[in-house]
Amino acid sequence: QYDGIPYGGYYTQEEIRDIVAYAAERHVTVIPEIELPGHTLAVLAAYPELACGDDPGPFKVAESWGIYEDVFCAGKEATFRFLEDVLSEVMELFPSKYIHIGGDECPKERWKECPYCQQRIADNGLKDEFELQSYFIKRIEKFVTSRGRRIIGWDEILEGGLAPDATVMNWRDISEGIKAAQQYHDVIMAPTEYVYFDYLQGPRHAEPLAIGWGFNPTERVYAYDPTPAGLTPEQQKHIIG
């Protein structure tokens with residue numbers, strides 16, 4: 001059950017540098033994830049002007065897991081200025097080749113109603129809100145690439161057309177990872193049923209609150225072969241982990 005105790009806080013830049021250095025000494029690369037364009041309710045609570053519409057908000061930080069319809073407005077230039085500022089700071093702190101930009105579980109309801117998003121669709125000759133998400137991801141990828149880095153995104157970034165140099169992290173059905181590898185994109189296989197540690201590892205009555213109802217002990221994780229059957233040898237090379 002949820003315990004009702006607020007969870008939050010932040011890392012200072014110095015603490016982040018310490019974490020990165022601690023990991024590097026142990027041959028681990030820390031890859032930051034800045035989630036966009038969905039899963040952004042906490043951002044909108046602080047910066048409501050980045051949501052859709054002329055006078056959006058106020059918003060409240062989520063108090064439980066879930067998918068929320070209020071997301072970054074894809075039609076406002078202020079959204080991209082904000083994200084470029086955030087990503088610039090993140091890239092200064094994390095030397096990793098990859099920057100994870102999320103891209104998963106983004107409802108399109110607000111975009112369908114938003115005059116700014118609809119104008120963006122019209123101005124760029126986009127077919128629908130899925131192509132608008134692809135526009136969003138490709139624009140962020142262009143910025144990240146200009147700084148000498150590469151993006152990783154969850155497998156929803158395949159929808160509406162994939163950014164050219166994006167690496168796909170497959171969390172849903174493994175068919176999404178297969179699809180990305182067949183398009184010769186690098187893929188990280190991370191399907192929920194095999195590698196999610198927020199699932200149960202023991203009997204429910206003995207476990208803390210878990211996001212999934214599935215049972216996923218460490219033995220099952222270690223036994224997982226991330227290279228799906230049915231790929232050609234050339235496509236298999238794009239399964240990078």
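Everything below is about the structure shown above.
Please read all numbers here as calculations on a predicted model, not as lab measurements.

With 52 residues, the main nonpolar core has W111, F136 and I140 as its most contacted residues. F136 has contacts with L36, P37, F72, C73, A74, T79, F80, L83 and W111, leaving out every residue within four places of it along the chain. Listed in part, the nine residues of the second largest apolar core include I152, W171, A190 and Y196.

In this section: the pairing of strand β3 (residues 150–154). Burial analysis of β3 places four of its five residues in the buried class, the great majority of the element. Note that strand β2 (residues 98–102) and β3 share three bridges and pair parallel. Note on β3: the bridge partner recorded for Y98 is R150. Alignment of β3 against strand β4 (residues 167–170), held across three bridges, turns out to be parallel. Bridge assignment links G153 to a residue of β4, and that residue is V168.

Let us look at the pattern of salt bridges. In the structure shown here, the tally under the stated rule is 13 salt bridges. One salt bridge connects K112 with E109, and the closest N-O pair in it is separated by 3.6 Å. Taken together, the residues span about one helical turn, with K112 and E109 both in helix α4 (residues 109–113) at a distance of three residues. A relative accessible area of 46% means that K112 is categorised as partly exposed. Among the charged side chains, a salt-bridge network with shared partners connects E69, D70 and R110.

The terminal C-alpha atoms of helix α6 (residues 129–146), which comprises 18 residues, lie 26 Å apart, in line with the 26 Å expected from a rise of 1.5 Å per residue. What α6 keeps buried is the set E129, L132, Q133, S134, Y135, F136, I137, I140, E141, F143 and V144. The inward-facing, buried residues of α6 contact β1 (33–36), α3 (77–93), β2, α4, α5 (115–123) and β3.

Quick look at the packing of α3 against α6 now. It is the contact of α3 with α6, at a shortest axis distance of 11 Å, that shows an interaxial angle of 40°. If you check the angle between α3 and α6, you find them oblique. For α3 against α6, the interelement crossing comes out right-handed. Here E77, T79, F80, L83, E84, L87, S88 and M91 of α3 come into contact with α6, specifically with Y135, F136, R139, I140, F143 and V144. Class assignment of the residues belonging to the contact of α3 with α6 gives a composition of nine nonpolar, two polar and three charged.

Before going further, it helps to spend a moment on the packing of aromatic side chains. Each aromatic ring pair is characterised by the separation of its centres together with the angle its planes make. In the structure shown here, the tally under the stated rule is seven aromatic pairs. Summarising the aromatic geometry, the rings of Y47 and F82 are spaced 5.0 Å apart at their centres and angled 55° between planes, so their arrangement reads as tilted. Separated by 35 residues along the polypeptide, Y47 in the loop between α2 (41–46) and α3 and F82 in helix α3 bring together distant segments of the chain. Cluster of aromatic residues (ring-pair linked, three or more members): F80, W111, Y135 and F136. Here the guanidinium or amino end of R139 rests over the ring plane of F80, the centre of that ring lying 4.0 Å away.

Listed as buried for α5 are C117, R120 and I121. Considered in projection along α5, the buried side chains sweep an arc of 100° and stay on one side of the axis. Opposite the packed face of α5, turned more than 90 degrees from it, sit the exposed residues A122 and D123. Buried residues along α5 sit against α3, α4 and α6. Downstream of α5 by one or two residues, G125 has phi in the positive range, about 60°.

Conventions we followed
Residues numbered from 1 in each chain as written. Predicted model: local features only at pLDDT ≥ 70, side-chain atom pairs only at ≥ 80, totals over all residues. Heavy atoms only, no water. Core = buried A, V, L, I, M, F, W, Y, C linked by side-chain atoms within 4.5 Å. Buried < 20%, exposed > 50% of the residue type's maximum accessible area, 1.4 Å probe, protein only. Contact = heavy atoms within 4.5 Å. Helix = DSSP H or I, 4+ residues; strand = E, 2+ residues; numbered from the N terminus. Pairing = 2+ DSSP bridges. Salt bridge = Lys/Arg side-chain N within 4 Å of Asp/Glu carboxyl O. Expected span 1.5 Å × (residues − 1). Axes fitted to C-alpha atoms, helices over the stretch in contact; angles between N-to-C directions. Parallel < 35°, antiparallel > 145°, perpendicular 65-115°, else oblique. Left-handed = near helix turned anticlockwise from the far one by under 90°. Nonpolar A, V, L, I, M, F, W, Y, C, P; charged D, E, K, R; others polar. Phe/Tyr/Trp six-rings, centres within 6.5 Å; stacked < 30°, edge-to-face > 60°. Lys NZ or Arg CZ within 6 Å of the ring centre and 35° of its normal. Arc of directions from axis to C-beta.

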